[in-house]
Amino acid sequence: MADHDDRRWPDWLTVSRADAQEVPDGVVLRGAATRTRPALFAALADVLALPTHLGHTWDALADALRDRLDAGPLTLVVSDAGQLLVDERAEQYALLLTVLGDLATTAPHPLRVVLGEVSPS
């Protein structure tokens, strides 16, 4: 993937200024549809076919994603990632990265997250 950010990211996270939708076997999540936490949870439930009883807390999301990772590896591709949780307080974005990072380092199968179309800072 061209035009990666030069900063050092964890192995499970790729940040790109380019469109990231071309990742093989990646499940695409549109950042524009995830501007709030409830919208993010709904979009993840939709694209990953998570259980309908998914709660609306970070712990519930972590449990649902861990169950998904029990079945096999997952590559989550966020297009227009600059829109991800922009209508929330900054700590919500930090909590999302914490949840994903914890899963990436402890789940039975690999989790990879690709944030695409991120504007340079």
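Everything discussed here concerns the structure shown above.
Nothing here was measured: the structure is a model prediction, and the numbers come from that model.

Rules of the game
Residues numbered from 1 in each chain as written. Predicted model: local features only at pLDDT ≥ 70, side-chain atom pairs only at ≥ 80, totals over all residues. Heavy atoms only, no water. Axes fitted to C-alpha atoms, helices over the stretch in contact; angles between N-to-C directions. Helix = DSSP H or I, 4+ residues; strand = E, 2+ residues; numbered from the N terminus. Parallel < 35°, antiparallel > 145°, perpendicular 65-115°, else oblique. Left-handed = near helix turned anticlockwise from the far one by under 90°. Contact = heavy atoms within 4.5 Å. Expected span 1.5 Å × (residues − 1). Buried < 20%, exposed > 50% of the residue type's maximum accessible area, 1.4 Å probe, protein only. Arc of directions from axis to C-beta.

Caption draft 1: Local environment of the packing of helix 1 (residues 37-48) against helix 2 (residues 58-70). Interhelical geometry of helix 1 versus helix 2 gives an angle of 15 degrees and a closest axis separation of 12 Å. Between helix 1 and helix 2, the interaxial angle falls into the category roughly parallel. Note on packing geometry: the crossing formed by helix 1 with helix 2 is left-handed. Residues Arg37, Leu40, Phe41, Leu44 and Leu48 of helix 1 pack against Trp58, Leu61 and Leu65 of helix 2.

Caption draft 2: Examining helix 2 more closely. Here helix 2 spans 18 Å end to end across 13 residues, near enough to the 18 Å set by a 1.5 Å rise per residue. Burial in helix 2 covers these residues: Trp58, Leu61, Ala62, Ala64, Leu65 and Leu69. All buried residues of helix 2 fall inside an arc of 165 degrees around its axis, so they share one side. Pointing more than 90 degrees away from the buried face of helix 2 are the exposed residues Asp59, Asp63 and Asp67. Two residues or fewer after helix 2 comes glycine 72, characterised by a positive phi angle close to 155 degrees.

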